[in-house]
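The chain contents come next:
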Amino acid sequence: MFDLSAHPGRLFLFATLMPLVPAIVLAVGGLVRHLTRGCGGWQGTLHNLLGGDRSLPLAGYFTVLFMMAAAGLTIWGAVRFFSDDGTHPERWAEQVGWIDIGNVRLGSEPAGPSSALYLGYRIDRLTVLMTCMVTGIGSMIFLFALGYMKDETGIVHGRRGRFGRFYLYLSLFAFSMLNLLIADNLFQVFVSWELVGVCSFFLIGFYTEKKSAGVAANKAFIVNRVGDAGFLVGLAVAFTTFGTLNIAELNEQFAHGVPHGISHGLWVLLGLGLFCGAAGKSAQVPLQTWLPDAMEGPTPVSALIHAATMVAAGVYLVGRCFPMFAPEVLLAIAYVGLITLFLSATVALVATDIKRVLAFSTCSQLGYMMLAIGVGGWSAGLFHLLTHAFFKALLFLGAGSVIHGLHHEQDLRRMGGLRKVMPVTAYSMLIGVLAISGAPLLSGWYSKDAILADALGFSLANPGHFLLFFGPLLTAGLTAFYMFRLWLLAFGGTSREPDAHPHESPAVMTLPLVVLAACSVAVAWGWPVWDAESSALGQSLAAVAPHGHVTNGELAHKLAHSNHLAAGLLALLAAVAGGGYAWVRYGQRPPTSDQLREPTGVFANRWYFDALYDSLFVRRTVQLAEFTATTDRTSPEQPTKRSVTLDGLLTGVAKLVAAGGAELRKLQSGRVRGYVLAMGLTVLILLGMLFAVLR
Amino acid sequence: MTELGLTPFLVLAAFLFACGVFCLATKRNAVGILMGVELILNAANVNLVAASRFVPELRLEGQVFALMVVVLAAAEAAVALAIFLNFYNNHGSADVEAAKELKG
């Protein structure tokens, strides 16, 4: 079990199991507390020990401790991994049988060996970097939530606080996400994928007293189901064709061209299915509508799940399965990314809710990552995934700090001048804004440059796809504009709400901000720092980049390398233009009332995606549900009126029988002579029939 | 003395049966109805005994069934008279038209 020299990968397994401990303890504790409520004697003592009607802050400290232990274990594991000579990769992977499903006939071949589903882990460089990112950012966000969720510890508005429940969901989420990252087969990924989804559902709908939160949670869950259906199709194709779901084995099949036994159509279907799942999780067009609504959850959740980790799972999956994608699928991924990054950025331009701006920005950045992987920039896409996680977590936590300081005000138009009262929040957020805009020497600059270079290389190698470079370039300018707009509206100028009385957040909330700001600056550094291609993190990923089936991939890669500087300069120019324009509009003088009015138009309506889905699917479903409901309901006002319903039909049969009975009953008149007459007549008729037969 | 044959007996039985049915249909008195039932039963008995005498295959069966009917008629009369007695106690008359409690 603890034989770490033979199996150093178990460090990551233990790190994964770490957050499961508080999840189980909190679940059992909460259950016991619920069962002993109102009891006397030793049960009552136990109830009071578990917090009684209050929610103990201890739950949070306990969870933070275990999450930090997980972070420590992953860092220890990372040190061992990078000091390993890499000659024995099997030391970093193990698997155990899970479900044996016997002989499965694959296609026209004779029955092969027994097929089984396995549970296992496989640690490679991507897993190491991703787990370090998740546990590190997770610890910071768990710490931040101690301050942000403090309201929930006591008795709030006459109901019991939900502090323990919040940390239960958070730790369960951390376990699922880590399990997703270390899994060595797609089925285990799928299981964790669903666990992550359900944790997201719980946390979006955490404020159960808000109807909008419940609606948003449903929306997120249902939209994700659409993507998961595609994921299952991909899994089915992979399993029936190759008889295994092990990611390494599947990638090996595709490493040297297209393997035998799979037609081109199935190959495309496999890729599209997997990408469909990823698009659902990573909020890509057309399944992007759930992410902005997911901002109904508590802000630490938005930071952890809907910016840094869960939505990253889709990009991670696409990166993991990169060699399995057909050229057409990669092109589709690139274009979906392009559409997503552009549409979301335009919506962020006019959004007025501080968290929504960040949510659309997240969509847009995820689009960048998908586009990068689609054009063959595997390392650039995953590099951006890692750097983006840090500065987006920072931005969300900063927004959380602002919301906390302003007593749950989220509207940018009612902020302003906050840099004077919340200096730590303001300047750490400024670092985040600069990083996401791609300011030189900050982490976002390295990864965004790499993406744009790969996009440029691809469009030079395939001149028909020039949009794949110009779209991201234009959006780099838009990104800088909306991020500076957000910062200037919230922190610049003077306060537009004099009665707000904002205050700086406590140290438990500002410390994670400072740590994440430091990471946002330095996490991608290498030597020399001024060379965009020298980033240690980026090169570390580039060294293990798998071979994919990209159209003109070799040429694109060479062109990307030789045009890196040009792409970087163009991106910088776009960012400076966007940021400068934001300064001109919002920085020089207080915003005019015209700029602060409620936004309208195609951007403010999110390109009418929500309206379209509402009229196409939601309202049709509701109509169908209402129709089926009427078949089983008589209206309460006129119970006898609607006899066409199912209920009316069954009642009708009963009524028929009752009416027939009432008629037949009259035959029993009680008059003896009537009976005798009937008897006599019957005898006569019978005799008549007898004679008729005998004749 | 010449044999009468089966036919006169059947005619007698039919006459008796018709009288019984007529009695059932016209009498309102419960005892009268009971008498009608007795007539019908005895019409059947005449048939059975005549068949026993003139049909060789039914020699034994006719007599056995006639005895059976006699026993049955005695039992029926006992039960029916008991019912009528109770009926008279409850209603103060033996008129069957008065029995309307279970009318549908």
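Note that the structure is predicted; figures quoted are calculated from it, not measured.

K.L.:
Please set out the environment of Leu649 of chain A residue by residue, giving values where relevant.
P.N.:
Residues and elements named next belong to chain A. Along the chain, Leu649 falls in helix H26 (residues 646-665). Leu649 gets classed as exposed once you look at its relative accessible area, which sits at 54%. Taking C-alpha positions, Leu649 is 53 Å from Lys355, a pair spaced 294 residues apart along the chain.

K.L.:
Account for the pattern of salt bridges, naming residues and giving values.
P.N.:
Residue and element names in this part refer to chain A. What the rule picks out here adds up to 20 salt bridges over all chains. Ionic pairing is found between Asp124 and Arg320, a salt bridge with its closest N-O pair at 2.8 Å. Here the residue Asp124 occupies a position in the loop between strand S2 (116-122) and helix H5 (125-148), and Arg320 occupies one in helix H13 (residues 310-320), the gap between them amounting to 196 residues. A salt bridge links Arg606 to Asp610; the shortest N-O distance between them is 3.0 Å. Sharing partners across several salt bridges, the network here consists of Lys210, Lys219, Asp293, Glu296, Arg356, Arg606 and Asp610.

K.L.:
Lay out helix H19 (residues 443-461) of chain A in plain terms, naming residues and giving numbers.
P.N.:
Taking 1.5 Å of rise per residue, the 19 residues of H19 of chain A would be expected to cover 27 Å, and the 28 Å separating its terminal C-alpha atoms lies within 8% of that figure. With 18 of its 19 residues buried, H19 of chain A lies for the most part within the structure.

K.L.:
If you had to explain the nonpolar core to someone new, which residues and values would you point to?
P.N.:
Residues and elements named next belong to chain A. Counting residues in each nonpolar core, the largest one holds 187 residues, and the members touching the most others are Ile137, Phe166, Tyr167, Leu186 and Trp290. Among residues more than four places away in sequence, those in contact with Trp290 are Lys219, Ala220, Val223, Asn224, Gly280, Lys281, Ala283, His306, Met310 and Val311. Judged by nonpolar contacts, the second largest core, of 8 residues, contains Phe12, Ala78, Phe81 and Ile123.

K.L.:
Can you lay out empty space enclosed by the protein for me, pointing to particular residues and giving the numbers?
P.N.:
All names here are of chain A. Going through the model one piece at a time under the given rule, you end up with 3 cavities of 30 Å³ or more. Of the voids in this model, the largest cavity is the one considered here, and its volume is about 110 Å³. Surrounding the largest cavity, 13 residues form its lining, Gln288, Val347, Phe360, Arg606 and Phe609 being those nearest its centre. Broken down by secondary-structure element, the contributors of at least two residues to the lining of the largest cavity are helix H14 (327-350), helix H15 (354-374) and helix H25 (609-630). Ranked by residues supplied to the lining of the largest cavity, first place goes to H14 with 3 residues. Of the residues that constitute the lining of the largest cavity, the class distribution is 8 nonpolar, 3 polar and 2 charged. Taken as a whole, the second largest cavity holds about 40 Å³ of empty space.

K.L.:
Can you explain the packing of helix H10 (residues 264-281) of chain A against H13 of chain A? Please cite residues and give values.
P.N.:
Residue and element names in this part refer to chain A. Where H10 contacts H13, the axes come no closer than 7 Å and their chain directions differ by 160 degrees. Viewed along their axes, H10 and H13 adopt a mutual orientation that is roughly antiparallel. Where H10 crosses over H13, the handedness of that crossing is left-handed. Across the interface between the two elements, Leu274, Phe275, Ala278 and Lys281 of H10 pack against Met310, Val311, Ala313, Gly314, Leu317 and Val318 of H13. The residue makeup of the contact of H10 with H13, split by class, is 8 nonpolar, 1 polar and 1 charged.

K.L.:
Can you break down helix H9 (residues 247-254) of chain A residue by residue, with the values?
P.N.:
Residues and elements named next belong to chain A. Inspection of H9 places Ile247, Leu250, Asn251 and Phe254 among the buried residues, and these make up the whole buried set. The buried residues of H9 occupy one face: seen down the axis, they fall within an arc of 95 degrees. Measuring from the backbone nitrogen of Ala248 back to the side-chain oxygen at the start of H9 gives 3.0 Å, which picks out Asn246 as the cap.

K.L.:
Can you lay out the state of the cysteines for me, pointing to particular residues and giving the numbers?
P.N.:
All told, the structure shown has 0 disulfides over all chains when counted by the stated rule. Looking at Cys276 of chain A, it has no disulfide partner, and the nearest cysteine sulfur is the one in Cys321 of chain A, 14 Å off. The exposure class of Cys276 of chain A is partly exposed, given its relative accessible area of 24%. With no disulfide of its own, Cys19 of chain B has Cys23 of chain B as its nearest cysteine by sulfur position, at a separation of 8.9 Å. Judged by relative accessible area, Cys19 of chain B falls into the partly exposed class, the value being 27%.

K.L.:
Which residues make up the interface of chain B and chain A, and what values go with them?
P.N.:
Often the size quoted for an interface is simply the accessible area lost on bringing the parts together. The interface of chain B with chain A comprises 12 residues on the first partner and 8 residues on the second. When the two sides are added together, the surface that chain B and chain A hide from each other amounts to roughly 910 Å², 63% of it contributed by carbon and sulfur. For the interface between chain B and chain A, the tally reads 1 residue pair in polar contact (both at pLDDT 80 or more). Here the residues of the side of chain B that touches chain A sort into 7 nonpolar, 2 polar and 3 charged.

K.L.:
Tell me about the confidence of the model for chain B, residues and numbers included.
P.N.:
All names here are of chain B. Overall, the predicted model of chain B reaches an average pLDDT of 89, with 98% of residues at or above 70. Predicted confidence in chain B is weakest over helix H1 (residues 7-26), with a mean pLDDT of 91, and strongest over helix H3 (residues 59-91), with 93. As scored by the predictor, the complex reaches a pTM of 0.80 and an ipTM of 0.77.

K.L.:
Describe unusual backbone geometry, with residues and values.
P.N.:
Residue and element names in this part refer to chain A. With an omega of 10 degrees, the peptide bond running from Val285 to Pro286 counts as cis. Mapped onto the elements, Pro286 comes out in the loop between H10 and helix H11 (290-293). Even without being a glycine, Arg606 presents a positive backbone phi close to 55 degrees. When you line up the elements, Arg606 lands in the loop between helix H24 (564-587) and H25. The exposure class assigned to Arg606 is buried, which follows from its relative accessible area of 17%. With a phi angle near 60 degrees, Trp607 is a residue other than glycine that sits in the positive phi range.

K.L.:
So, the packing of H15 of chain A against helix H20 (residues 467-491) of chain A: which residues are in play, and what are the values?
P.N.:
Residue and element names in this part refer to chain A. Two numbers describe how H15 lies on H20: the axes approach to 11 Å, and their chain directions differ by 160 degrees. Our classification of the angle between H15 and H20 gives roughly antiparallel. Where H15 crosses over H20, the handedness of that crossing is left-handed. Residues Ile354, Val357, Leu358, Ser361, Ser364, Gln365, Tyr368 and Leu371 of H15 form the contact with H20, whose participating residues are Leu468, Pro472, Thr475, Ala476, Thr479, Tyr482, Met483, Arg485 and Leu486. Residues belonging to the contact of H15 with H20 are distributed by class as follows: 11 nonpolar, 5 polar and 1 charged.

K.L.:
Give a detailed account of the packing of aromatic side chains, specifying residues and quantitative values.
P.N.:
All names here are of chain A. Taken as a whole, this structure holds 28 aromatic pairs over all chains when the rule is applied. Here Trp445 and Tyr446 contribute two aromatic rings whose centre-to-centre distance is 5.1 Å and whose plane-to-plane angle is 65 degrees, an arrangement assigned as edge-to-face. For Trp445, a relative accessible area of 11% translates into the label buried. Following the ring pairs from residue to residue traces out a cluster consisting of Phe142, Phe163, Phe166, Tyr167, Phe206 and Tyr207. Over the aromatic face of Phe206 sits the side chain of Arg162, whose NZ or CZ is 5.0 Å from the ring centroid. Note that Lys448 overlies the ring of Tyr368, its terminal NZ or CZ placed 5.1 Å from the centroid.

Rules used throughout
Residues numbered from 1 in each chain as written. Chains lettered and ligands numbered in written order. Predicted model: local features only at pLDDT ≥ 70, side-chain atom pairs only at ≥ 80, totals over all residues. Heavy atoms only, no water. Helix = DSSP H or I, 4+ residues; strand = E, 2+ residues; numbered from the N terminus. Buried < 20%, exposed > 50% of the residue type's maximum accessible area, 1.4 Å probe, protein only. Salt bridge = Lys/Arg side-chain N within 4 Å of Asp/Glu carboxyl O. Expected span 1.5 Å × (residues − 1). Core = buried A, V, L, I, M, F, W, Y, C linked by side-chain atoms within 4.5 Å. Contact = heavy atoms within 4.5 Å. 1 Å grid on protein atoms, 1.4 Å probe; cavity = no way out; pocket = protein on both sides within 12 Å on 5 of 7 lines; lining within 4 Å. Points joined across faces, edges and corners; volume = space filled by probe spheres on them. Nonpolar A, V, L, I, M, F, W, Y, C, P; charged D, E, K, R; others polar. Axes fitted to C-alpha atoms, helices over the stretch in contact; angles between N-to-C directions. Parallel < 35°, antiparallel > 145°, perpendicular 65-115°, else oblique. Left-handed = near helix turned anticlockwise from the far one by under 90°. Arc of directions from axis to C-beta. Polar contact = N/O pair within 3.5 Å; in protein donor to acceptor, adjacent residues only side chain to side chain. Disulfide = S-S within 2.5 Å. Buried area = accessible area lost by both parts, 1.4 Å probe. pLDDT = per-residue confidence, 0-100. Phe/Tyr/Trp six-rings, centres within 6.5 Å; stacked < 30°, edge-to-face > 60°. Lys NZ or Arg CZ within 6 Å of the ring centre and 35° of its normal.

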